[in-house]
Structures are given as structure tokens and as C-alpha cells.
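So the chains spell out like this:
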Amino acid sequence: MQGRADGLSLNDIGETYEVSRRTAERMRDAIRDAFPQVEEISEPGERKRWRLPPGTTGRLADPSIDDIATLNRGAELARQSGDIVTADNLDILSDRLRAGLSGPIRTRLEPDIAALLEADGVALRPGPRERISEETLNDLRQAILAGVWINADHRTRASGLLSQNARLGPLAMLLGEGRQYLVAYSDWAEDVRLFALAGFERIALSNESFERSEDFDLNVWLQRAFGTWQEEVQDVVWRFSSAAAADARLYMFHPTQEITDEPDGSLIVKFRAGGFREMCWHLFRWGNDVEILAPTELQQMFRMMLKKAHL
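A. Representation of the overall build of the protein chain within the structure. Within the protein chain one finds ten helices and eleven strands. Taking all 311 residues of the protein chain together, 37% fall into the buried category. Pairs at least 24 apart in sequence give 58% of the contacts found in the protein chain among residues at least 6 apart. Counting every atom, the protein chain has about 19,000 Å² of accessible surface; 50% of that belongs to carbon and sulfur.

B. Seen up close, the pattern of salt bridges. By the definition in use, this model includes 18 salt bridges. Asp12 is the partner of Arg49 in a salt bridge, and the nearest nitrogen-oxygen pair spans 2.8 Å. Highlighted residues: Arg49 in strand β2 (residues 47-51) and Asp12 in helix α1 (residues 10-17), separated in sequence by 37 residues. One exposure class covers both Arg49 and Asp12, and it is buried.

C. Just the sheet that holds strand β11 (residues 290-294), in detail. Read from one edge to the other, the open sheet built from four strands follows the order β9-β10-β8-β11, with strand pairing classed as antiparallel. Looking at which strands have only one partner, the edges of the open sheet turn out to be β9 (258-261) and β11. Here the average twist between neighbouring strands, direction ignored, is 20°. Both strand β8 (residues 234-240) and strand β10 (residues 267-273) contribute to a ladder of seven bridges, which runs antiparallel. By the bridge assignment for β10, Phe240 is matched with Leu267. On top of the sheet, helix α9 (residues 276-283) reaches β8, β10 and β11; it is set at about 5° to β8, its chief contact.

D. Region of interest: the sheet that holds strand β7 (residues 200-209). The antiparallel open sheet is built from five strands, whose spatial order is β6-β5-β4-β3-β7. Each of the sheet's edge strands pairs with one partner strand only, and the pair in question is β6 (191-196) and β7. This sheet shows a mean twist of 45° between the axes of neighbouring strands, independent of strand direction. Pairing between strand β3 (residues 148-155) and β7: six bridges, direction antiparallel. Within β7, the residue paired with Ala152 across the bridge is Ile203.

E. Structural context of the pairing of β2. As judged from the five bridges shared by strand β1 (residues 39-43) and β2, these two strands associate in the antiparallel manner. Across the sheet, residue Ile41 finds its bridge partner in β2, namely Arg49. Taking the residues that link successive antiparallel strands as the turn, the β1-β2 hairpin has three residues, and the phi of Gly45 there is positive, at about 80°.

F. Inspection of the nonpolar core at higher detail. One finds Trp238, Phe240, Phe253, Phe271, Met279 and Leu298 to be the most contacted residues of the largest nonpolar core, which totals 23 residues. Put simply, the parts of the chain that give this core at least two residues each are β8, α8 (242-248), β10, α9, β11 and α10 (296-310). Residues within four places of Phe253 in sequence aside, it is in contact with Phe226, Trp238, Phe240, Ala248, Val269, Phe271, His282 and Trp286. Membership of the second largest hydrophobic core comes to 17 residues, among which are Leu137, Val148, Ile150 and Met173.

G. Looking closely at the packing of aromatic side chains. Inspection of every chain in the model, using the stated rule, returns 13 aromatic pairs. Both rings, one in Phe253 and one in Trp286, keep their centres 6.3 Å apart while their planes meet at 55°; by these two values the pair is tilted. One end of the pair, Phe253, is in the loop between α8 and β9; the other, Trp286, is in the loop between α9 and β11, and 33 residues separate them in sequence. Each of the two residues, Phe253 as well as Trp286, counts as buried. Taking 5.0 Å as the distance between ring centres and 35° as the angle between the ring planes, the aromatic pair formed by Phe284 and Phe302 counts as tilted. Note that Phe284 is positioned in the loop between α9 and β11 and Phe302 in helix α10, a separation of 18 residues in sequence. Residue Phe284 is classed as partly exposed on the basis of its relative accessible area, which comes to 31%.

Cut-offs applied
- Positions within a chain are numbered from 1, following the residues in the order the chain's sequence is written.
- At least 70 in pLDDT is required for a residue's local features to be given in this predicted model, at least 80 for side-chain atom pairs to be given and counted, and no such filter applies to totals for whole chains, interfaces and linings, which use all residues.
- With hydrogens and water stripped out, all remaining heavy atoms of the structure feed into the side-chain values.
- Segments assigned H or I by DSSP are reported as helices when at least four residues long, segments assigned E as strands when at least two residues long, and all are numbered from the N terminus.
- Between buried and exposed lies partly exposed: a residue is buried under 20% and exposed over 50% of the maximum accessible area for its type, with that area taken using a 1.4 Å probe on protein chains only.
- Here, two residues are considered to be in contact whenever any of their heavy atoms come within 4.5 Å of each other.
- Computed with the Shrake-Rupley method and a 1.4 Å probe, the accessible areas treat only the protein chains shown as cover for residues.
- Should a side-chain nitrogen of Lys or Arg be within 4 Å of a carboxyl oxygen of Asp or Glu, the pair is scored as a salt bridge.
- Should DSSP find at least two bridges between two strands, the strands are taken to pair.
- Orientation is described by lines fitted to C-alpha atoms, with helices fitted over the stretch in contact, and by angles between N-to-C directions that extend from 0 to 180 degrees.
- Residues belong to a common nonpolar core when they are buried Ala, Val, Leu, Ile, Met, Phe, Trp, Tyr or Cys residues joined through side-chain atoms within 4.5 Å.
- Side-chain rings of Phe, Tyr and Trp, where Trp is taken by its six-membered ring, are said to pair if the distance between their centres is within 6.5 Å; with planes under 30 degrees apart they count as stacked, over 60 as edge-to-face, and otherwise as tilted.

This is how it looks when you write it as C-alpha cells:
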């Protein structure tokens, strides 16, 4: 109630704590009994919300070790994925929260935070990742927030060819493990395309506004692919052996997936997507425990890549 300027409704309380409306009412009443300063806000339709003025709860609102650890965990994951800007901002936010704590509490938190990060496997997480310059991330983030076109020099990953003065309308950045991309509208292709962040050699923000199409939905666009590679969407069917079924059942391979248990203990996974090359990269890790049932093109690509790997 103190953390939100618009307060909380009974529905908010019920959904947050997964309780019935009557229990939510009792929880609200308990707060009102403890803090008479509770303010009641009337909304249209006779709905009501309740809030606490800033500072009402005093030290009760101090961040906990879980709050600080969550920020540190997020900063470390962002840093490992190459998003230095977000990592630095999370570090600053964490420092602000710690500054409000007493000296002894701050001193006691440090080893606990380090222990939590190590327990999460974040502090020393191995594995390759791309190095994206802070300048590139800053420029693209600024362009996305400002809603402007950019002119960029970009080198294609596959061919190594340099496209100069490409006019792009940035929509979003796909950050995380492995390869990282910018989703942008290409003025030349007249369509939305992916651009590897590591390929940008120059970015210049223009003064011309870029308005994304109202018909464009990033989540829907991404669901067309397995990973990030955009291709024609097809029906994909995999069978995981009985030995791997339990493990495979824990994976969300694609948002459209359907899973079926077979009598012999194997697992059938079906979904619609493009991006066969990235599918093959993922399927390699399953070894002989996965079989591609459809489509034929994916089967052929998998055999070809496997043959080349053996060479």
C-alpha cells in the first residue's frame, strides 16, 4: 500500500496473496487497525483502493536481503549477457536501497548476498557469450526510447559484407545467452529483420521520428521462430526416447508446443515455427534420444549438419 501511489484494491490483495475476497478484506482491515493513516481512494463504479502515505511504515519498508540479492542477481545476469547498461543501472538501484539501511545491517548483508549468488550459480557461470560494446547498447536503447530512425553501418555475420548507411527503425533488443540481436524495421527490405548486435560498426540517431506499425506484435513475431531465426512457419514434430522423456517434459521448446505421452514411455512434442538451423543446434545436445518426425526439410538439414560435424 505504501509502495504504490494508486494503492491496492481488494482484487490486488487477493491476486497477490492468492486468497479469497473475505480473507483480503480481513487483511485490509488488519492494516487499517495498525495504521490509521490509511487513505481510501474511490474509483468509478464504486470501487475502492487503499494506500499508505510515504514514510508511514518506517523501518518496516526497509529492503530485505532477498530484495537486495534479487537486484544483484539481475545485475550479474545482465552483465554476463552483455547488457552492461542495465547491469550498471541495477547496481545503482541496489546501492540506493542499501544506503537507506543502517551500517551494521549493510555490513551483514554483503556476505549473505555473495553466498546467495554463488548458490544460484550466477557468480561463476561458465560459457561463451558475445561482447557487445556499451556504446552500441546505449545508442540503440536511446533510439528505441526516443522512437527515431537510425543510420548504421552493419556487417552481416554470415557473409561478412558491410552495409553502409542502412536506415533502420529499432523496435527491440534480444539480449541473453548466445547471439544477441536488434529487431528493427529495414527501410530497404520494407519489413522487420534481425541484425546481430555484434555487427554494428557505426550508429547515428536521426531527428526523424519512427512510428512502429500498430499491427506489429513483437511476441507474435518472435513465436514464428525457434530461437531468433525467422523462416516460413511449418509443423514440427519430435520424439524423445523414454530415457529422455522426463527431462524433455521440463522444457518449453516453443510457446505453441503440444506434448503427448506415448505408450512406450517416449514423448512427442509438436509445435509450429521456423528456424531449422537453430533447432538443429539445440537437438544436437540430445544425441540419440531425439528423433525428428517432421518436417522432411528439418530431417535433411540435421543429417547434413551432423555429417559436416563428423568431417
